[in-house]
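Examination of the molecular architecture
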Amino acid sequence: PLFWGVLRDGAAGGEALAEELPVFYGGPVGSGSGYAAARAQGGSLNVINVVHPYHFLPGAARIADGVYVNFDGPKALPFLERGEITTERMRVYAGYGGWAPAQLEGEVAQHAWFVAESGNLSHL
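Right, let's walk through the structure included here.

Parameters at a glance
- Residues numbered from 1 in each chain as written.
- Predicted model: local features only at pLDDT ≥ 70, side-chain atom pairs only at ≥ 80, totals over all residues.
- Heavy atoms only, no water.
- Helix = DSSP H or I, 4+ residues; strand = E, 2+ residues; numbered from the N terminus.
- Buried < 20%, exposed > 50% of the residue type's maximum accessible area, 1.4 Å probe, protein only.
- Contact = heavy atoms within 4.5 Å.
- Areas by Shrake-Rupley, 256 points an atom, 1.4 Å probe, with all protein chains shown as cover.
- Phe/Tyr/Trp six-rings, centres within 6.5 Å; stacked < 30°, edge-to-face > 60°.
- Lys NZ or Arg CZ within 6 Å of the ring centre and 35° of its normal.
- Core = buried A, V, L, I, M, F, W, Y, C linked by side-chain atoms within 4.5 Å.

Here the focus is the overall build of the chain. Looking only at helices and strands, one finds 5 helices and 5 strands in the chain. Starting at the N terminus, the α and β elements of the chain follow one another as α-α-β-α-β-β-β-α-β-α. Every one of the 124 residues in the chain was classed for burial, and the buried ones make up 28%. Sequence-distant contacts, at least 24 apart, represent 55% of the contacts inside the chain between residues at least 6 apart. Accessible surface, the chain: about 7,900 Å² in total, of which carbon and sulfur atoms supply 55%.

In the structure shown here, the tally under the stated rule is 4 aromatic pairs. Summarising the aromatic geometry, the rings of phenylalanine 56 and phenylalanine 79 are spaced 5.4 Å apart at their centres and angled 40° between planes, so their arrangement reads as tilted. Placement of the pair is phenylalanine 56 in the loop between β2 (48-52) and β3 (61-64) and phenylalanine 79 in helix α4 (residues 73-81), with a sequence separation of 23 residues. The ring of phenylalanine 79 has arginine 82 lying over it, and the distance from NZ or CZ to the ring centre is 5.1 Å. Between the NZ or CZ atom of arginine 91 and the centre of the ring of phenylalanine 24, over which it lies, the distance is 3.7 Å.

One finds Leu21, Ile48, Val50, Tyr54, Leu57, Phe71, Ala76, Phe79, Ile85, Met90, Val92 and Ala94 forming the largest nonpolar core, which totals 12 residues. Counting only elements with at least two residues in this core, the list comes to β2, α4 and β5 (91-94). Counting 5 residues, the second-largest nonpolar core is a separate cluster that includes Val51, Ala64, Val67 and Tyr93.

Below you can see the structure in the form of structure tokens.
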């Protein structure tokens, strides 16, 4: 299970947790067959991201108001066990979108993307 890799270091119950969380497509980088092969061999390509609203989780990085990404899995387990966080408010993404320097700006200039205010990101 993909999410197991996030919590595997000493995480009792992590296997069952992994089965509860669907994994969404996060982008074309690092989400192909190479990822599955690396995981099967016990490796990691660091392409799993977990988006959540929990600012207090150790290792969480803020990406917008009320939206955080990733956390230290083993340190987050006590919060889960105490019911302070729920996996229902988390989204797991495999892969990501990435751009070379100035590539995104060029695509925006070509009208390949629309730029808008972020608004409410709680649906992520």
